[in-house]
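Residues per chain are reported as follows:
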Amino acid sequence: MTQYPHLFSPFMVGKHLFKNRILAAPIGAWVFSPDNYIFDYAIDMFAEKALGGAASVTAGHTEINYHEPDEDGFGLYFDLRGRNGSAALSEFSRAVTSRGAHVSIELNYGGLYAGAKNRLCYGPSAYVEKDDTVIHEMTEEKIAQTIRQYADCAARMQRCGFDMVTIHAAHGWLPEQFLSEKTNHRTDRFGGSLENRMRFSLMLLDEVRAAVGPDFMIEYRMGGVDPALHPAEFEELLAFVHAIEDKIDLLHLSTGLDANSKERTIPTYFWPRAINLPYAKALKDHGVKVPIAIVGAISDPETAGRVIAEGIADSVAMGRSLIADPQFPRKARCGQAEDITPCIGCMNCLSNMHKTHTVVCSVNPRTGREHRLASSVPSASGKKVVILGGGPAGMEAVITAADRGCKVVLIEKNPELGGLLNVSEEDPTKYLLHGFRDYLVHQTMKRGIEVRLNTEADRSMIESEQADALIVAVGATPVIPDLPGKDDIHVITAEEAYRNPDAVGQRVVVVGGNMVGCELALFFNQAGREVTLVEMSDRIHADANDPVGEAIDARLQGATVLNEAKCTDLTPQNVCYIQDGEEHTVTADTVVIAVGMQPKLDVFFEMQDAAEQVIPVGYCVRVSNVRGAVHTGYYAALDI
């Protein structure tokens, strides 16, 4: 008997049985090569979600306008003439369905949000973007051609073994562009009244249905509307849903009404979990009968189970949670919720998809590398491993080494495990990170290894252990610039500020606009302090993922941000800086230094030959973040 009976109850979508209520949401457009061969890593990555127990798995954001050049690089353009594409798609579908899940692919047309300057872009209406991109109004012939492309692609998916397609009509893509008065200014039968604006989507669904027949599933992904805040828009949305619900098998509800609302579309760690529940409930309360799947940072089985139990939605779609742990459904079903690797909402997955066209996860080193890593970690039974440092890198190394059968000793100089994950305990926006820390501590302790807290290791101690391998995960220390007057004003490090926020004065100057400095400035800004952020480069959070950076920018309203400003001197009351060649001052009660960290290499140098194999990880390798710590700890333990 499962702990979450509602979440794991089967249900019907059209004529198809779904074994539970967990769907793997569309993730990643970059799984196909330019000639439509699918990469091995992508097959294994999606198949892992099916193996982990998801009822369906969807490949994401796949563009249907195959005849147009892929100048924006955003998605797959189908070449319907190529046999190689069919072979690749068939192999992909078999990899998922053979592991017990339904398989779908998200079909999309960017329209006016195609995003490539100098590319021929089409939308419901003509206009010129801010970057001078010209949007051409689609003729009726172009509309008919585009609808045929959706239908052709759906039929091809059916031939290749897919049992569902997802029409992407959320986040401002083409169907929503026709539906919205903001982007549809046409005066013909596709514009004006709601009846006319919904015509494109109705024709699209009718033609797709005609191409695939009655038994093939059609999922329609769209954005929700809050009836309390936008009653007129909700009434239109409700009328539209009633118009399409007999044409579709599953309504997938997201949020974000245009391409500029990314923070709501993929919520950062500044948002609460499950942000789209009110939108689904509103549709259910107004008599929508088609099954509804809800997406939006649903990251724990308790919340997911409540959504189903209370009738808010019929299923939950999980994206990042199943990247962090594809085994989420299996673990939840078996009563092992504490073993689910939690997503920390850092957006590294999204950032890497845009930068490298691959999927990477901060907390799951296996993501995207399943094809190179054995499904079960190879044995290293009998080997003794000593790990210095109980931060994220050290704990990940402990977990991996112990699972390989090693005898592990963990030595930590502080009274508790967690390392730098402990310093932001007072910051409520870090609740996901704190949850991940607790997960690592729990996983470390449940493996029954020897843990020595409050222990400062030296070379003689390590040599006496006679270990086969030593993993050095001792972290880093803050960089403190040698600024004149630093002893005449209250100067503290970011770590000290986080650990004792009450000791920080009302007027706070944060020196350093990297992610640590930005998040610290935001923390004190939201606590009511007067915050000034001083950064030498031309922008803050220069290395941040775009959604997180944008979220920080939006929340730093009220703080003073000084870019291209170099701190030069400190006086008892002021911070002196140069900006645009001129000297300025800002009054401060407390100066927080957040200009970076430097690894504790002295420990590694001291221990470099204290065991047969000595491996540095985390900050000892390079100044990084949670991802760098977890990944280096994992691979170090895997290589013993």
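Further up the page is the structure itself.
Everything in this summary refers to the structure shown in the same document. Note that the structure is a prediction, hence the values are computed from the model and not measured.

### Quick word on the overall build of the protein chain
Secondary structure assignment for the protein chain yields 21 helices and 28 strands. Expected size for 640 residues packed as a compact globule is a radius of gyration near 26 Å; at 27 Å, the protein chain falls within 12% of this value. Expressed along its principal axes, the backbone C-alpha trace of the protein chain runs to roughly 75 × 65 × 45 Å. A burial count over the protein chain gives 59% of its 640 residues as buried. Across the protein chain, the fraction of contacts at a sequence separation of at least 24, relative to all contacts at a separation of at least 6, is 70%. If you sum the accessible surface of the protein chain, you get close to 25800 Å²; carbon and sulfur atoms cover 49% of it. Averaging the locations of the 59 positively and 85 negatively charged side chains of the protein chain gives two centres separated by 6 Å.

### Let's talk about the side chain of D427
Following the sequence through the fold, D427 ends up in the loop between strand 15 (407-411) and helix 15 (431-446). Summary of buried charges: D427 has no salt-bridge partner, and the nearest side chain of opposite charge, K430, is 5.4 Å away. If we ignore the near neighbours within four places in the chain, the residues touching D427 are H434, Y498, E519 and F523.

### Observations concerning unusual backbone geometry
Of note, A297 is a non-glycine position whose phi angle comes to about 60 degrees, a positive value. On the basis of relative accessible area, A297 is assigned to the buried category, the value being 14%. One non-glycine residue, D580, lies in the positive phi region at around 55 degrees. Here D580 lies in the loop between strand 24 (574-579) and strand 25 (582-587).

### Here we look at empty space enclosed by the protein
Overall, the coordinates contain four cavities of 30 Å³ or more when judged by the stated rule. Each pocket or cavity is described by its volume, and for the largest cavity that value is around 90 Å³. Along the wall of the largest cavity there are 14 residues; nearest its centre are C343, C346, C349, C361 and S362. Mapped onto the lining of the largest cavity, the elements with two or more residues apiece are helix 11 (320-324) and helix 13 (348-356). With three residues, the single largest contributor to the lining of the largest cavity is helix 11. Taken together, the residues that form the lining of the largest cavity break down as ten nonpolar, three polar and one charged.

### Here we look at the nonpolar core
If you look at the biggest cluster of nonpolar residues, it comprises 160 residues, and the most contacted ones within it are Y220 and V316. Those residues in contact with Y220, other than ones at most four positions away along the chain, are I167, A169, P175, S201, L205, F240, I244, I248, L250, L251 and H252.

### Overview of the sheet that holds strand 19 (residues 491-493)
Taken together, the five strands give an open sheet; going across it, the order is 19-26-20-21-22, and neighbouring strands pair in parallel fashion. For this open sheet the edge positions go to strand 19 and strand 22 (560-562), each flanked by a neighbour on one side alone. Put simply, the sheet's adjacent strands are angled 20 degrees from each other on average, direction ignored. Here strand 20 (residues 507-511) pairs with strand 21 (residues 530-534) via five bridges, running parallel. Of the residues in strand 21, the one forming a bridge with R507 is E530. Packed onto the sheet, helix 18 (residues 515-526) meets strand 20, strand 21 and strand 26 (590-593) and runs at close to 165 degrees relative to strand 21.

### A word on the packing of aromatic side chains
Note on aromatic pairs: each is described by the distance of the centres and the angle between the planes. Taken as a whole and judged by the stated rule, the model has twelve aromatic pairs. A centroid spacing of 4.5 Å and a plane angle of 45 degrees characterise the contact between Y269 and F270, whose relative ring orientation is tilted. By relative accessible area, which is 8% here, Y269 ends up buried. Judged by its relative accessible area of 13%, F270 is buried. Aromatic side chains F436 and Y439 sit 6.1 Å apart centroid to centroid with 20 degrees between the ring planes, which places their arrangement in the stacked category. Of this pair, F436 and Y439 both sit in helix 15, three residues apart, roughly one helical turn. Here F436 falls in the buried class, since its relative accessible area comes to 0%. Judged by its relative accessible area of 13%, Y439 is buried. In this arrangement the basic side chain of K49 is found over the ring face of F46, its NZ or CZ atom lying 5.1 Å from the centre. Residue placement shows K142 over the ring face of Y122; its charged tip is 4.5 Å from the ring centre.

### As for the pairing of strand 21
Of all five residues making up strand 21, four are buried, and the element is well covered by its neighbours. Tracing the backbone out of strand 20, into helix 18 and back to the parallel element strand 21 gives a crossover that is right-handed. Alignment of strand 21 against strand 22, held across three bridges, turns out to be parallel. Its bridge partner being in strand 22, T532 is matched across the sheet by T560.

### Examining the sheet that holds strand 23 (residues 565-570)
Spatially, the three strands line up as an open sheet ordered 23-24-25, and their pairing is antiparallel. Bordering the open sheet on either side are strand 23 and strand 25, each of which pairs with just one other strand. Strand-to-strand twist in this sheet, taken as the mean axis angle between neighbours without regard to direction, amounts to 30 degrees. Note: strand 23 against strand 24, five bridges, orientation antiparallel. When the sheet's bridge partners are listed, K566 is paired in strand 24 with I578.

### Section: the environment of I27
Position of I27 among the secondary structure elements: in strand 3 (residues 22-27). The spatial distance from the C-alpha of I27 to the C-alpha of G60 is 4.6 Å, given a sequence separation of 33 residues. Dropping the residues within four chain positions of it, I27 is found in contact with F46, K49, T58, A59, G60, G319, I323 and M353.

### Focus: helix 18
Taking 1.5 Å per residue as the helical rise, helix 18 with its twelve residues ought to reach 16 Å, and the 16 Å between its terminal C-alpha atoms agrees with that figure. Counted residue by residue, helix 18 has nine buried out of twelve residues, so it is predominantly covered. Of all the residues in helix 18, the buried ones are G517, C518, E519, L520, A521, L522, F523, F524 and N525.

### Details of a negative patch on the surface
On the surface, E456, D458, D602 and E606 cluster together into a patch of negative charge. Within the secondary structure, D602 is located in helix 20 (residues 601-607).

Reading the values: rules and limits
- Residues numbered from 1 in each chain as written.
- Predicted model: local features only at pLDDT ≥ 70, side-chain atom pairs only at ≥ 80, totals over all residues.
- Heavy atoms only, no water.
- Helix = DSSP H or I, 4+ residues; strand = E, 2+ residues; numbered from the N terminus.
- Rg over C-alpha atoms; globule rule 2.2 N^0.38 Å.
- Buried < 20%, exposed > 50% of the residue type's maximum accessible area, 1.4 Å probe, protein only.
- Contact = heavy atoms within 4.5 Å.
- Areas by Shrake-Rupley, 256 points an atom, 1.4 Å probe, with all protein chains shown as cover.
- Lys, Arg positive; Asp, Glu negative; His and termini not counted.
- Charge placed at Lys NZ, Arg CZ, Asp CG, Glu CD.
- Salt bridge = Lys/Arg side-chain N within 4 Å of Asp/Glu carboxyl O.
- 1 Å grid on protein atoms, 1.4 Å probe; cavity = no way out; pocket = protein on both sides within 12 Å on 5 of 7 lines; lining within 4 Å.
- Points joined across faces, edges and corners; volume = space filled by probe spheres on them.
- Nonpolar A, V, L, I, M, F, W, Y, C, P; charged D, E, K, R; others polar.
- Core = buried A, V, L, I, M, F, W, Y, C linked by side-chain atoms within 4.5 Å.
- Pairing = 2+ DSSP bridges.
- Axes fitted to C-alpha atoms, helices over the stretch in contact; angles between N-to-C directions.
- Phe/Tyr/Trp six-rings, centres within 6.5 Å; stacked < 30°, edge-to-face > 60°.
- Lys NZ or Arg CZ within 6 Å of the ring centre and 35° of its normal.
- Right-handed = clockwise from strand over helix to strand, strands pointing away.
- Expected span 1.5 Å × (residues − 1).
- Patch = residues over 30% accessible without salt bridge, like charges linked within 9 Å, V, L, I, M, F, W, Y side chains within 5 Å.

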